[in-house]
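# Secondary and tertiary structure notes
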Amino acid sequence: MAARQDTSDDEGVISIREAIQAEEILEEETAAVLGDADDNNCTYSKGYAKRQPLYACFTCTGNKGILAGICYACSIHCHDNHILYELYTKRNFRCDCGNELFSGTKCELHPTKDNLNLKNVYNDNFKGLYCVCKRPYPDEDNPDDEMIQCNICEDWFHTKHLGKAPENERFSEMACDSCVRKHPFLSYYSPLINVTYNNDPKAESLEVDVVTSDELNLSVIKDKDNSVCHDTKMKVDIKKPATDGGAVAMKRKANTDNPIDLSIKKDVSNVCKLLTLQKKYQSSNPDLSVMYLRNDWRLELCTCHDCKSLYKSHGIEFLLDNEDSIHVYEERSKAQYECQRHAGISELDSRIDNLSYDQKCHLAYGINDFKNNLTEFLKNLASKNKVVEPADIQEFFNKQEENRKKMKINLLQ
């Protein structure tokens, strides 16, 4: 019983090293999402932003069962002290703050807006619910369960609800089984883009003969627009690749044994890989389960005219845009954060340069004094093998404030 009581008393207590590590992780995650976000201007004027961090306000709309999303700046200026759901990032979304979904409450940053944003797409995330289990995040019942975002519907899923998963983290993005069933033609790309294809995350040598629909009598994939693709011969050779950032990279080359005859009036850019993949794997039923996607997997999607029409009819033409990836957004956001941070440091340096000699000495003395006092404070606690508690930190800063006041009095005398 005593041991259990001690554990209960220590619950929530962490070491300084753990606190620093947690702070560094939080700073990196914040930079990845908000580093490129504007905290003073509503994004409404930018239209349906390619990708941006979003929030849903339970106080204004969620408690009424209304789905609506607001930008980062509005979450600060228009919804301060409200209950907000953090939605991470969403694509092609326009800020709803102040439109008719908010029952007459105007946006403070951009008061004039259309009644509705008809192109916005909403899901249960805007209710604060995620995954097929429709649970909140963070979830008190499963605080340690990792979640992965589907790159198509942008919902978040618990790993335990995704079925089979790669044995390691050698994938770049994920498409949930619901989206794969909704867009079944994507399953034919599995040999090229899915790290779990045939339960083997390594892509061995795979040859695909790309042919014209005139040469084949196939039951090709037809969807809403009855699209059929056309064109010439080449080979796609997927070699056992090197790794790049933990994801599997791929190489593509033309078949030298059957070179393309450029004298024939064929457009090589309209070669249909999808038609060929269906021919090669038509004897087996397509796997419509979750897909864990390799790095640069979007480059493997067919871009012929008919396939582009197919993606558009399914509302997923964004898959052809390499910059649509959340990883691209995160890297750009982190770069912008670093740029702003260095700009702030430069501004601080400039302010210090403008100080007088006496002011610079006083500043240097204060920094050095704080550093020495903090070091002594931590050493004292460490020698007693004592965990740093909030009361200890408060006591330290109270003493620092007393010392500062004494120094000010001495200077005045």
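Above: the structure in question.
To keep things clear, this report deals only with the structure shown in the data block. (Residues numbered from 1 in each chain as written. Predicted model: local features only at pLDDT ≥ 70, side-chain atom pairs only at ≥ 80, totals over all residues. Heavy atoms only, no water.)

## A few points about the overall build of the protein
From N to C terminus, the protein includes 10 helices and 11 strands. Buried positions account for 37% of the 413 residues belonging to the protein. In the protein, of all internal contacts separated by at least 6 residues, the share reaching a separation of at least 24 is 73%. With an accessible surface of roughly 25100 Å², the protein has 49% of that area assigned to carbon and sulfur atoms. (Helix = DSSP H or I, 4+ residues; strand = E, 2+ residues; numbered from the N terminus. Buried < 20%, exposed > 50% of the residue type's maximum accessible area, 1.4 Å probe, protein only. Contact = heavy atoms within 4.5 Å. Areas by Shrake-Rupley, 256 points an atom, 1.4 Å probe, with all protein chains shown as cover.)

## Focus: the pattern of salt bridges
This model, assessed by the stated rule, comprises 18 salt bridges. In this structure, the salt-bridge partner of Asp324 is Arg51, at a minimum N-O distance of 3.7 Å. Of this pair, Asp324 sits in the loop between helix H7 (305-313) and helix H8 (326-353) while Arg51 sits in strand S1 (residues 49-57), and the two are 273 residues apart along the sequence. Each member of the pair Asp324 and Arg51 is classed as buried. A salt bridge links Asp114 to Arg94; its shortest N-O distance comes to 4.0 Å. One end of the pair, Asp114, is in the loop between strand S3 (84-93) and strand S4 (147-149); the other, Arg94, is in the loop between S3 and S4, and 20 residues separate them in sequence. Take Asp114: its relative accessible area is 45%, and that puts it in the partly exposed class. Salt bridges sharing partners connect three or more residues here, namely Arg51, Arg91, Glu154, Glu173, Arg298 and Asp324. (Salt bridge = Lys/Arg side-chain N within 4 Å of Asp/Glu carboxyl O.)

## Some points on helix H9 (residues 357-383)
The terminal C-alpha atoms of H9 lie 39 Å apart, and with 27 residues this matches the ideal 39 Å at 1.5 Å per residue to within 8%. Trailing H9 by a residue or two, Asn385 shows a phi angle of about 55°, which is positive. (Expected span 1.5 Å × (residues − 1).)

## Here we look at unusual backbone geometry
With an omega of -5°, the peptide bond between Tyr137 and Pro138 qualifies as cis. For Pro138, the location among the structural elements is in the loop between S3 and S4. Phi at Asn81 is positive, roughly 70°, even though this residue is not glycine. Note that Asn81 resides in the loop between helix H3 (72-77) and S3.

## Quick notes on the packing of aromatic side chains
Evaluation of the coordinates by the stated rule reveals 11 aromatic pairs. Seen from their ring centres, Phe58 and Tyr85 are 6.2 Å apart, and the 65° between their planes marks the pair as edge-to-face. Here Tyr85 lies in strand S3 and Phe58 lies in the loop between S1 and strand S2 (70-71), a separation of 27 residues in the sequence. The exposure class of Phe58 is partly exposed, given its relative accessible area of 29%. Looking at Tyr85, the relative accessible area reads 22%, which means it is partly exposed. Ring centres of Phe185 and Tyr311 lie 5.9 Å apart, and the angle between their planes is 40°; on these two criteria the pair is classed as tilted. (Phe/Tyr/Trp six-rings, centres within 6.5 Å; stacked < 30°, edge-to-face > 60°.)

## Some words on helix H6 (residues 273-280)
In terms of residue burial, H6 counts as a mostly covered element, since 6 of its 8 residues are buried. Taken together, the buried positions of H6 are occupied by Lys273, Leu274, Leu275, Thr276, Leu277 and Gln278.

## Things to note about the sheet that holds S3
Hydrogen bonds between backbone atoms are what pair the strands of a sheet, whose relative direction is either parallel or antiparallel. Spatial ordering of the open sheet is given by S2-S1-S3, a layout of 3 strands whose pairing is antiparallel. A single partner strand is all that each edge strand has here, and the edge strands are S2 and S3. Where S1 and S2 come together, 2 bridges link them in antiparallel fashion. Paired with Tyr55 across the two strands is Ile70, which belongs to S2. (Pairing = 2+ DSSP bridges.)

## Comments concerning the nonpolar core
Among the nonpolar cores identified, the biggest contains 45 residues, and Ile152, Met174 and Leu274 are the most heavily contacted of them. Once residues within four sequence positions are removed from consideration, Ile152 is found in contact with Arg91, Ala175, Cys179, His183, Leu186, Ile316, Phe318 and Leu319. Residues Cys60, Ile70, Tyr72 and Cys97 belong to the second largest nonpolar core, which totals 18 residues. (Core = buried A, V, L, I, M, F, W, Y, C linked by side-chain atoms within 4.5 Å.)

## Notes on the pairing of S1
Most of S1 is tucked away, with 8 of its 9 residues classed as buried. Where S1 meets S3, 7 bridges bridge the pair, whose relative direction is antiparallel. Looking at the pairing, Gln52 lines up with Lys90 of S3.

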